[in-house]
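Structural description and commentary
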Amino acid sequence: MSASVADYSWFRSFRRGLLDEYCLSLVKGLGPREFLARLDAKVLGACEGLGAFAARDNDVLEEHDWCDDHQVVGAARVEGPDGPWTLALEINGFTGTDGRFMEAASQGTRIVSHFLNIKGMKLFTWWEDGEMRTQFESPYQRSGTTPDELLTEMAAVGYDLSDPSADGAVALGIPGMIALAQELTGIRLTAGLLTDAVYTAGMVTIA
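Now for the overall build of the protein. Scanning the protein from N- to C-terminus turns up seven helices and nine strands. Against the compact-globule benchmark of 17 Å for 207 residues, the protein has a radius of gyration of 16 Å, which places it among compact chains. Taking the principal axes of the C-alpha coordinates as reference, the protein spans close to 50 × 35 × 30 Å. Within the protein, contacts between residues separated by at least 24 positions form 66% of all contacts whose residues are at least 6 apart in sequence. Surface accessibility of the protein: about 9100 Å² in total, with carbon and sulfur atoms responsible for 48%. Side-chain charges in the protein split into 16 positive and 30 negative, and the spacing between the mean points of these groups amounts to 2 Å.

Now the structure itself:
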């Protein structure tokens, strides 16, 4: 059964406050430390749950001038239908949608990310073996080497791209992007998974 936008309606309230600005990535076949190594991140240690990770992130924000030059990535192992994946969470970051990092990090594997910033910008990105296959902010304006390859999956989760003037697909927002990520990874994101995961925190230098 395909994922649906309704499956992720809980995220609209879950993200408020703590996750008003975030990036979440799913990385196939790499362990958390292996993924952080591909980002050339400085490992900060394990955080038992989202609360502990948020506290660690806040400590780094205060120490490094609100992350103008650094971002904290929390990487946790999750099981997918085809084996292990890494779930990577940034509370105030965008590394998972930044080609400077994802081109190298996705070599030989798949990375699917979605991002929201404080201004309400939303972005979905699919990387495969060093290649940005599909990216969109508006589902009607897709880029990448294969911008139309996900049309079947997008329709399956509820995107209706038949009438851009209606703008209905845009209204799906982040829940639509999470549902689409599930189609590409087989991993169903839950509040419990985000809350209870053991995150290995890493600090990435972005400037």
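With antiparallel pairing, nine strands are arranged side by side in an open sheet as β2-β9-β3-β4-β1-β5-β6-β7-β8. Lying at the two open borders of the sheet, with one neighbouring strand each, are β2 (42-48) and β8 (142-143). Looking at chain direction, strand β7 (residues 131-136) and β8 are connected through two bridges and run antiparallel. Bridge pairing links Q135 to S143 in β8. Sheet contacts for helix α3 (residues 50-63): β2, β3 (70-80), β4 (83-90) and β9 (198-205); angle to β2, the most-contacted strand, approximately 145°.

Looking now at helix α6 (residues 173-185). With 13 residues, α6 extends 19 Å between its outermost C-alpha atoms, agreeing within 8% with the 18 Å of an ideal straight helix rising 1.5 Å per residue. Counting buried residues along α6, 12 of its 13 residues qualify, which places the element largely inside the surrounding structure. Within α6, burial applies to G173, I174, P175, G176, M177, I178, A179, L180, A181, Q182, L184 and T185. Once α6 finishes, G186 follows within two positions and takes phi at roughly 80°, a positive value.

Quick look at the nonpolar core now. Residues L24, F53, L87, L89, F124, Y159 and Y199 are the most contacted members of the largest nonpolar core, which totals 46 residues. Per-element accounting of this core gives the leading share, seven residues, to α6. If near-sequence neighbours (up to four positions away) are discounted, Y159 is found in contact with F136, P139, M154, A169, L172, G173, G176 and M177. With 16 residues, the next largest nonpolar core counts A88, M102, A105 and I206 among its residues.

This brings us to the environment of W127. Within the secondary structure layout, W127 lies in strand β6 (residues 122-128). Accessibility expressed as a relative area gives 6% for W127, which makes it buried. Taking the C-alpha atoms as reference, W127 lies 24 Å from A197; in sequence the two are 70 residues apart. Filtering out sequence-adjacent residues up to four positions away, W127 remains in contact with G99, M102, E103, S106, T109, R110, I111 and M132.

All right, on to the pairing of β7 then. With five bridges connecting them, β6 and β7 associate as antiparallel partners. Its bridge partner being in β7, W127 is matched across the sheet by M132. From the end of β6 to the start of β7, which pair antiparallel, there are two residues, and D129 there has a positive phi angle of about 50°. Hairpin connection, β7 to β8: the antiparallel pair is bridged by five residues.

On to the confidence of the model for the protein, then. Taken as a whole, the protein shows an average pLDDT of 91; of its residues, 96% reach a score of 70 or greater. Confidence scores differ between elements of the protein, with helix α1 (residues 11-14) showing the lowest mean pLDDT of 86 and helix α2 (residues 32-38) the highest of 98.

Calculation criteria
- Residues numbered from 1 in each chain as written.
- Predicted model: local features only at pLDDT ≥ 70, side-chain atom pairs only at ≥ 80, totals over all residues.
- Heavy atoms only, no water.
- Helix = DSSP H or I, 4+ residues; strand = E, 2+ residues; numbered from the N terminus.
- Rg over C-alpha atoms; globule rule 2.2 N^0.38 Å.
- Contact = heavy atoms within 4.5 Å.
- Areas by Shrake-Rupley, 256 points an atom, 1.4 Å probe, with all protein chains shown as cover.
- Lys, Arg positive; Asp, Glu negative; His and termini not counted.
- Charge placed at Lys NZ, Arg CZ, Asp CG, Glu CD.
- Pairing = 2+ DSSP bridges.
- Axes fitted to C-alpha atoms, helices over the stretch in contact; angles between N-to-C directions.
- Expected span 1.5 Å × (residues − 1).
- Buried < 20%, exposed > 50% of the residue type's maximum accessible area, 1.4 Å probe, protein only.
- Core = buried A, V, L, I, M, F, W, Y, C linked by side-chain atoms within 4.5 Å.
- pLDDT = per-residue confidence, 0-100.

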